[in-house]
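Geometric and topological summary
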Amino acid sequence: MRFLSFLRPLLATVAFVAAAAGATAADFKDGLDYNTVNGPRPDTGKKVEVLEFFMYHCPHCNVLDPVLADWVKKNSDKIVFKRMHMGDDAQAKAFYTLEALNVTNLHEKLFHAIHVERNRLNTDAALLDFVVKNGVDKAKYLEAFNSFGVQTKLKRAQQVATQYKLDSVPALVIDGRYTTSPAVAGHGLTSADAAHKVMFQVVDSLVAKSLQERAGKK
């Protein structure tokens, strides 16, 4: 056990150095830097789906969010980005309600309210008040909130998280085949920035690998 405790930070350092040098999929190990899962490949044409599992009250998700948003913009020609909110709480239901209404401008505001303004927003009533104050029609919100579609999305998210063997957030699923996260890719690293850098190197390599697989290349 002592040897393994010493080895993991060493491996993490090696992975970080490889990432900084422009690593490829061969430089990362299945079961260490990412995990292969037996999921269906999403129908996204020539592009690769990158699916984020997150929770609004998660501080690690809050820190990752702007970095992930920048990465998504830079890779929009290769990927289709989607989100799922893990869990079955008030914030998860608010996320799927806003998604049903195609309201996309409150995502960063919700993170800011919870983590900067220290507004917990952990009840349906508090979230309703927040979204209405930010321009969402109350009647339309409540209609979507109580809809069968939102309930279905809540259940579906839990099923998908189980399918991909995810038990923590933030986590990314690449093309329905691979999962990774700052904690997995950045194992042994104590800096969030360093862990993010390694994770995106891993994700870049898995996106490239998935693109080759989609093109029928070995």
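Relevant structure appears above.
Now for a description of the structure that goes with this document. (Residues numbered from 1 in each chain as written. Predicted model: local features only at pLDDT ≥ 70, side-chain atom pairs only at ≥ 80, totals over all residues. Heavy atoms only, no water.)

Describing helix H3 (residues 90-100)
Burial runs high along H3: nine of the eleven residues are buried. The complete set of buried residues in H3 reads Ala 90, Gln 91, Ala 92, Lys 93, Ala 94, Phe 95, Tyr 96, Thr 97 and Leu 98. Considering only its buried residues, H3 is in contact with strand E2 (48-54), strand E3 (79-85), helix H4 (107-115), helix H5 (124-133), helix H6 (138-145) and helix H7 (148-163). Looking at the residues trailing H3, positive phi occurs at Asn 102, about 60 degrees. (Buried < 20%, exposed > 50% of the residue type's maximum accessible area, 1.4 Å probe, protein only. Helix = DSSP H or I, 4+ residues; strand = E, 2+ residues; numbered from the N terminus. Contact = heavy atoms within 4.5 Å.)

Notes on the sheet that holds E3
Each strand in a sheet pairs with another by means of backbone hydrogen bonds, the pair being arranged parallel or else antiparallel. An order of E1-E5-E4-E2-E3 is seen for the five strands of this open sheet, with the pairing classed as mixed. Single-partner strands in this sheet number two, and they are strand E1 (35-36) and E3. Across seven bridges, the pairing between E2 and E3 is parallel. Note on E3: the bridge partner recorded for Val 48 is Ile 79. Most of the contacts of H3 go to E3, to which it runs at about 135 degrees, and overall it touches E2 and E3. (Pairing = 2+ DSSP bridges. Axes fitted to C-alpha atoms, helices over the stretch in contact; angles between N-to-C directions.)

On their own, these measurements won't tell you what the molecule is for.
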